[in-house]
Amino acid sequence: MQGARRVEKIAGHLRGDSGGSNVDEKARRRGLQAQETAGLVDGGEILAEYDYIVVGAGSAGCVVASRLSEDPKVSVLLLEAGGNNQTFSVRHPLVTCATLQNSQYDWGFRSEPQQNQNERVSYWPRGKCLGGSSSINYMLYVRCDPRNYDQYANEFGCEGWSYKEVLPFFRKSENLITSQKMDPTHHSDEYRSRKGPLKVIDLSDPHFEFQTKYVSECFVSACNEKGIQGPHDFNSGKQDGANLAQVSVADGKRSDTASMFLFETGALKRPNLTVMTHAHVQKLVTQGDLVTGVVFKAGDHDMKTLRTSAVPSRFVAARKEVVISAGAVGTPQILMLSGIGPHEELEQLGIPCIADLPVGRNMSDHLMCPLPYAVKDHAPGFSGSFMEIAQGFWDYYVKGQGIFSFPFITAMAFFRSGIRPEEDGNDLQIHFTPYTMDDHELLKRNFGTDITHPRFQDELPPKRVMFIPSLVRPKSKGSVTLRSACPFDAPRIEPNYLDHEDDMEMFLHCYRKCMEIAETSEAFKDVLGERIVNAYSEYDPNSDEYIREELRETSVTIYHPVGTAKMGRVEDPTTVVDAKTLKVKGFLNLRVADASIFPEVPSGNTNAPAIMAGERVAHMIASSSSSSSSPSSSSTP
C-alpha cells in the first residue's frame, strides 16, 4: 500500500506511541489486563490433568476449545506458544496489518531456496498468538470450491467430507452481517448463516463506503464482461464468479477466532476452560496406542533461552483426548518430535519412531504474483497522500467507515484454466487491491524482495491498483521436515513451488486473464492507464517469456499451506489421519484439527476451511458415542 509508513506513523500518533510496529506500552498493559480479567494463564500454574488438551490456539484450536468447553462436565486446556492478541496492532484491519509479519505475532518461518523461483527464499508467516494465523492474515472469508470437498470424499476416500456434509459446519461458525440496504437475494439462507460466532461482512453491501469502492466495483464488472460472473456470492453453492471481498471484520475490527470464539462468547469465563499462553509444546507422551499427555515449557522466553535448562519442562496429563491444532507447519513438527512420522528420518535424528506415518509429506501451497496498473488522473483512487490518509482516519474513528475499516484485498474472482478437470474445481483466483506497495523496506521485510533491483528506483504513477493472479490448485508437492531433534529449532520447509510443469501454465493463464480484464474491458476503459512492467527485462512485456520470468522472480506464497497430516482412508499408506474421526492412525485419543489434514490445497483462502475443521473435530468428540458425524437438523444454524 502506498504511504504505508505514513499510515503507521499517524496510527502511532493516535495511539500515543512512536509509530513502531511493536505493540505500544498501553496496548501491552491492556493485553495483560485482559489476561488477568479473562482467566488467561501466562506461564502460571495449571492443573495436573485435564479431560482434553488442545495444542495451538489458532484458527481451528480456538474453535475446538470453545466448543468442547460448552459442556460443563469436562475440563479443557488450550496451549498457545504465543501471547495475547487483544491489542490495537492485531485487531485493526488495514492500519497495522502489513506490520504483523515478522513481528512478535509471527513465527517468521523461511523456506529452503526454491529452484524454480531463481533460488529465492520464501517468507512464511504463521500466527504466533491467540487466534494464530487468523490474527495476522488479511481477513478474507472464503469457503473454497464445493467441488474440492466432493473430490476429497470421492477421490481421496475422505468419508463424511463432501460439500453437503461440511456445509453445516461452515454455517455453524458464521455470523453474516448485512445492512437493510443489501440486496436480500445476494446471499442464500441455504448456504449462509447469521447465528455463529464468526462475524463476516460483504463489502458489496451498500452500507460500506470507502474511497476505493468504485474501482473495486469496476473490477467485478470487468470480470463479468470477460466471462467470470459478477457480482456473485462465491461462498454459495457455486464458487465460480467475482464479487467484492467478504471479510472476517466487523465494526472496523478483525474477527479472529480468539476474539470471536473465546472472548466474545464468554468462553474464557468458563471455569472448565484454561487457556495458557507462552506454552511451547515439546512433544506428546505416549503409551502404546494412547497419548497420556503433553510436555511443554512455559513463559515468555526467546528460543535461545527455551533451549536451555534454565526453563524447566512441564507435563500435563490428558484423561480423554489430545487435539493438535498447530497448523500445517507446527502440527507435523510436534508429531515428528513425538516419534510419529517417517521412520528413517526420525531415526537419523535420534528420535525413536513409534508410528511410521508420512507426516510432513504431501504439502501444497498457493502462489500469487503482483501485476500493477496505473489509475488515470481523473478516476477515483488512493495515492497515499497525507490528505487521503487523514480522511481515512477521520472516516474510521468518527464514522466507523472508510478505507481503514477493511483489509487490502477488496475484490476477488474465481475461475478455471481448463488444465485441471472440472471436478477439481477452480484452479485460479484473482485478488484485487486498489493500492500498491511503495514502502520498499516493508517489501524487503515481508517478502525478501531484492529492492536493489533498478525497477524499484523507477518513478511510478502515484495512483495504482494491483491485480494479483493466484495459482490455487497447484500440482507441485512439498514437505515440512525436522531440522533437528530440538523442539525450538524451526523445521525445514520445502514447498517445491512450480515444480510441476502444469503449474506454470495455469499461472500464466491467470496472468493473461488479468491483462485481458484490465486492458480490454469497458468497465476499466476510463479508469486504468498503463500496465507497470519491468523495463529491465530482455523480453517483450506481452510475451509468454516475459510473464514466465515475472512468475519466477516475483511470485510469493499466499500463506495457505496444507496437507502435511493428510486425511483419508485408514488403509491408505499415504494418509496420516482417519478422515472419519480425524484420529492419527494407530492412536485411540489423538486427533488433528487444522489445515494440515486437507489432501490437496482447496480453491481459495484457507482460514474458513480451517475453522470448519475445528467445528468438525469438536462435534466428532462431542458425539463420539454416535455413529453420525454431521450435526442434526435441530443443531444446525
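The shown structure was predicted, so the numbers you read here are calculated from the model rather than taken from an experiment.

### Remarks on the overall build of the protein chain
A count of helical and extended segments in the protein chain gives 16 helices and 30 strands. Against the 2.2 N^0.38 benchmark of 26 Å for 637 residues, the protein chain shows a C-alpha radius of gyration of 23 Å, consistent with a compact globule. Burial statistics for the protein chain: of 637 residues in total, 64% are counted as buried. A separation of at least 24 residues holds for 73% of the contacts in the protein chain among residues at least 6 apart in sequence. Within the structure as shown, the protein chain displays about 23,500 Å² of accessible surface, and the carbon and sulfur contribution to it stands at 49%. Here the protein chain contributes 67 positive and 81 negative side-chain charges, whose respective centroids are spaced 5 Å apart.

### A word on the packing of helix α6 (residues 163-173) against helix α16 (residues 607-622)
At a closest axis distance of 9 Å, the pairing of α6 and α16 adopts a crossing angle of 105°. The angle between the axes of α6 and α16 places the two elements in the roughly perpendicular class. On α16, the residues that touch V166, F169, F170, K172 and S173 of α6 are A608, P609, I611, M612, E615, R616 and H619. Considering only residue class, the contact of α6 with α16 consists of 7 nonpolar, 2 polar and 3 charged.

### Thoughts on the packing of aromatic side chains
Overall, the coordinates contain 21 aromatic pairs when judged by the stated rule. On the numbers, 5.2 Å between centres and 75° between planes, the contact of F432 with F467 is edge-to-face. Residue F432 is located in strand β21 (residues 428-433), and its partner F467 is located in strand β22 (residues 464-471); the two are separated by 35 residues in the primary sequence. Look at F467 and F524: their rings are 5.8 Å apart centre to centre, the planes differ by 70°, and that puts the pair in the edge-to-face class. In this pair, F467 is assigned in strand β22 and F524 in the loop between α14 (501-520) and β25 (528-531), connecting sequence segments 57 residues apart. Exposure class is identical for F467 and F524. Each is buried. Taken together, the ring pairs connect Y149, Y152, Y163, F170, Y191 and F598 into an aromatic cluster. Geometry around Y123 places R110 over its ring, the cationic atom sitting 3.6 Å from the centre. Sitting over the face of the ring of W161, R616 holds its NZ or CZ atom 4.5 Å from the ring centroid.

### Details of the UniProt feature "binding site: FAD" (unreviewed entry) in the protein chain
UniProt annotation of "binding site: FAD" (unreviewed entry) refers to V281 when read in the numbering used here. Mapped onto the fold, V281 is located in strand β13 (residues 279-287). Leave out the neighbours within four places in its chain, and V281 touches V55, L79, V294, V295, F296 and I334.

So, how was this worked out
- Residues numbered from 1 in each chain as written.
- Predicted model: local features only at pLDDT ≥ 70, side-chain atom pairs only at ≥ 80, totals over all residues.
- Heavy atoms only, no water.
- Helix = DSSP H or I, 4+ residues; strand = E, 2+ residues; numbered from the N terminus.
- Rg over C-alpha atoms; globule rule 2.2 N^0.38 Å.
- Buried < 20%, exposed > 50% of the residue type's maximum accessible area, 1.4 Å probe, protein only.
- Contact = heavy atoms within 4.5 Å.
- Areas by Shrake-Rupley, 256 points an atom, 1.4 Å probe, with all protein chains shown as cover.
- Lys, Arg positive; Asp, Glu negative; His and termini not counted.
- Charge placed at Lys NZ, Arg CZ, Asp CG, Glu CD.
- Axes fitted to C-alpha atoms, helices over the stretch in contact; angles between N-to-C directions.
- Parallel < 35°, antiparallel > 145°, perpendicular 65-115°, else oblique.
- Nonpolar A, V, L, I, M, F, W, Y, C, P; charged D, E, K, R; others polar.
- Phe/Tyr/Trp six-rings, centres within 6.5 Å; stacked < 30°, edge-to-face > 60°.
- Lys NZ or Arg CZ within 6 Å of the ring centre and 35° of its normal.
- UniProt positions renumbered as here; feature names shortened; annotations may be inferred.

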